[in-house]
Structure formats: C-alpha cells, structure tokens
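Here's the letter readout for the chains.
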Amino acid sequence: MFQVDKSLEKPERVMLVGVMLDTDYAAGGAGGQVFYSAESRKAHFQTALDEAADLIRAAGGELVAVETSKRDRPHSALFVGTGKAEELAAVVKQHDVGLVVFNHELTPTQERNLEKELQCRVLDRVGLILAIFAKRAQSQEGKLQVELAQLNHLSGRLVRGYGHLQSQKGGIGLKGPGETQLETDRRLIGQKITALKKQLADVRKQRATRRKSRMSGRLKTFAIVGYTNAGKSSLFNRLTKADVLAKDQLFATLDTTARRLFLSHEASVILTDTVGFVRDLPHKLVSAFSATLEETAMADVLLHVVDASNPDFERQMDDVNEVLEEIGAHEIPQLVVYNKIDLLPSGMREAGILRDNSGHAVGVNVSVAESLGLDGLREAMIELAVQPSA
C-alpha cells in the first residue's frame, strides 16, 4: 500500500527562496499601477520571508541559506529564471541542502523541473504548511483533514523522472516514490481520498451532534481567532485552566478545543480555540479545514486575538478578516483582544477595555503572560454574553 510519509526523522538542511514579483504589487490591467513605494515593498517582502523562516523552523527544519531574487512575473517552467536556478543549484551543493522551500505556491510542473535542476527535494508554501499541520494534528478529525489535504496536494505531483529521489523517504512534507509505481500509487491515492472523505463526513456528523447538544443549553459560543502565534492558546488556557499546547511558534495549535467557561452568575459561555491564520493561507487549505473552521462560523462572538507588539499587527488583522470572510464568519460580532502589551514601551497601551462612542466594548488591551487586563476582558465578555442574540 502506498504510504504518505509525514515524519521528520532528523532536522533537514533547508534553503529558503523568496522572489519579489512585480505582479504581487501591481493592479491588473494595462496600467499596472504600483500600490507600494520601493521601501514599503521591500519591508513587506522581508516580513513575508521572516515568517517563512519561522514556518521552516516550526516544521523542524534547519535553515542554512536564504536566497532572494526579483522578477516581473514567475517563470512558467522554473518560477525563477534559468540563470537563478543555476545559482540555486550551486548553493545547494555548497551547503549540502536536502530541501529547498519556495515561499510561493508552485505548479506541479515547476516543482518537478526545480527538483531536476537543483537535484534535491523542493517544497512550496502549501506543502510546507501541510507538513506543519501534519506534525500538529492531534484529534482524529485533525489527522483526517491533514491526510486528505496532503493526498490532494500530492496527487498532481506524482511524477518522478530521475533516480536520485526515487527512494527518498521522510523529511519535511511528502513525496511519492519512483515512477515505476506511478499508476498504482495514483489509483491507491484515489481510493484513499474517497475513504478519507467518508470518514470525515462521519466525524462531521458527530461534531454536529455535539454542537447541537451544546446549543440546546442556550450558552453563547465565543470562538478565539487570530493570526498564528498571537497568543490564542495561552489566553484559552488562562481563561479555562485547560492544558492546550501553547508554544511560541507558528501553528502550535491545529485542532479545535471547546470548554465551558463560567464568567459570572449571569453568564457562562462555551469557549473554542481554533487553528491560527497566516499570511496568504492558501485557499485549498481553507477549504480542506472547513470542518474545523465551522466552529468559528457558528460562533456568537469572535475574540480576535492580536499580537499588539508586532509592528505588522494591522496587516495580520486584515489577513485574519479575509479568511473569516471566506468562511462566512465576517458578520459575527468581534471583540479585539490586543495581547502582549507588556512588550510595548511603557504607557503605549494601557490595560483595559476600549469602547466606541456608544459605550460598547470593542476591544481590550491585555497581557496574558503578565496577567494584565484579564479582568477587563472578562467584563467585556460578560457584556457580550448577556446581550440578546441578533
């Protein structure tokens, strides 16, 4: 039976490649108007590259080289140009690189051509995020969703026309074996995908039953959402005294966890902690994890946790709101939780509730690590919990 290998036996030597594309910063059409100054484009690109480096570390990789280039648009066959591909091949040899990660979404053809050119495995952004999801999934549903997404991603990449990778096993991400088994593997993958979809449908029914029993108790559901590594699981743990994995790394939590939370004699709620969002979360991953994200879309209130110490936090908020719109959760009332205020200069953000002109709580400044502003957060949650549902 064809097996998808999701293990990482030892840290791989990884090279990260980022390409600044003019098409990423220009409007469509003949005018091609550029929206960013050269300085802001460079800062935006560097932030994305830094985040990709964090993703590689979260996957267990050892980052040994970072290469960048600029292009008007991606090369159809190699993403980078032929000259740059030759440069990258030299760096692979020089640093004994076992895996090259592109901080972009590659076509199956580009990925295969690059592997031939670089003589090592190549993973794109989708494959990298899936590799991390595979390490993080704990529940049956989480594991099923990861495996299904991985198989779908793999099915278009099952071509290997060169010997050095045919027996390659393990490492970050996943790859098929040699092309001698190609047709067998494709058929088996198709069968496995069908079986996984059926299992997921059964698990989803069980989740719907549990949700129905929760909702029959008429408790409001508060879903914690936010950019990955903003402090969602730490907040969940502090409020519920649960033991959810909370680490200073991207995608430390994948599975949805739900707990009943007593706020006051007038208000108890169900609190759920979900997978973190990330810049350019590929659409296929959003759809793959629709079952997990259903918990968010069914919530009464969203606690949008933000890392206020990150200079890019407003852009991260926009990224989260884009995904919320994609899953149909953009009209759910939000309470923005500005976390990590202890890392800001003194007096920049005082702990406590932020209110709009009507006096309604719209945000709270907190530090989960230093226990600042948590009473204010509970007060704001009580206000939202006792409000009549729309």
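Residues numbered from 1 in each chain as written. Predicted model: local features only at pLDDT ≥ 70, side-chain atom pairs only at ≥ 80, totals over all residues. Heavy atoms only, no water.

Novice: Which parts of the structure should I look at to understand the nonpolar core?
Specialist: In summary, soluble globular proteins display a tendency toward joint burial of nonpolar side chains. Within the largest apolar cluster, 33 residues are counted, with the highest numbers of intra-cluster contacts made by Leu16, Val101, Phe277, Leu302 and Leu324. Residue assignment for this core shows that the elements contributing at least two residues are strand 1 (13-21), helix 1 (38-58), strand 3 (99-102), helix 4 (125-136), strand 5 (220-226) and helix 10 (313-326). Ranked by residue count, the leading element in this core is helix 1, at 7 residues. Beyond its immediate stretch of four places on either side in the chain, leucine 324 contacts Val225, Phe277, Thr296, Leu302, Ala329, His330 and Gln334. (Core = buried A, V, L, I, M, F, W, Y, C linked by side-chain atoms within 4.5 Å. Buried < 20%, exposed > 50% of the residue type's maximum accessible area, 1.4 Å probe, protein only. Helix = DSSP H or I, 4+ residues; strand = E, 2+ residues; numbered from the N terminus. Contact = heavy atoms within 4.5 Å.)

Novice: Hey, could you run me through the pattern of salt bridges in this one?
Specialist: Should their charged atoms come close, side chains of opposite charge can pair. This model, assessed by the stated rule, comprises 12 salt bridges. Notably, a salt bridge pairs aspartate 319 with arginine 315, separated by 2.0 Å at the nearest N-O pair. Highlighted residues: aspartate 319 and arginine 315, both in helix 10, separated by 4 residues, approximately one helical turn. Each member of the salt-bridge network shares a partner with another, and the members are Glu67, Lys84 and Glu87. (Salt bridge = Lys/Arg side-chain N within 4 Å of Asp/Glu carboxyl O.)

Novice: Before we go on, may I ask you to explain the sheet that holds strand 4 (residues 121-123) in this structure?
Specialist: Each strand in a sheet pairs with its neighbour through backbone hydrogen bonds, running either in the same direction (parallel) or in the opposite one (antiparallel). Judged by pairing direction, the sheet is parallel, and its 4 strands sit side by side in the order 2-1-3-4 without closing on themselves. The open sheet is flanked by strand 2 (62-71) and strand 4, the only strands paired with a single partner. Across the sheet, the mean angle separating the axes of adjacent strands is 25 degrees when strand polarity is ignored. Note that strand 1 and strand 2 share 9 bridges and pair parallel. By the bridge assignment, methionine 15 is partnered in strand 2 with alanine 65. The sheet strands contacting helix 1 are strand 1, strand 2 and strand 3, and the helix crosses strand 1 at an angle near 155 degrees. (Pairing = 2+ DSSP bridges. Axes fitted to C-alpha atoms, helices over the stretch in contact; angles between N-to-C directions.)

Novice: Can you walk me through the packing of aromatic side chains in this structure?
Specialist: Two numbers describe a pair of aromatic rings. These are the distance of the centres and the angle of the planes. Inspection of the entire model under this criterion finds 2 aromatic pairs. An angle of 80 degrees between the planes, with centres 6.2 Å apart, marks the rings of phenylalanine 79 and phenylalanine 102 as edge-to-face. Placement of the pair is phenylalanine 79 in the loop between strand 2 and helix 2 (82-95) and phenylalanine 102 in strand 3, with a sequence separation of 23 residues. Taken individually, phenylalanine 79 and phenylalanine 102 each receive the classification buried, so the pair is uniform in this respect. When the ring centre of tyrosine 338 is taken as reference, the NZ or CZ atom of arginine 349 above it lies at 4.1 Å. (Phe/Tyr/Trp six-rings, centres within 6.5 Å; stacked < 30°, edge-to-face > 60°. Lys NZ or Arg CZ within 6 Å of the ring centre and 35° of its normal.)

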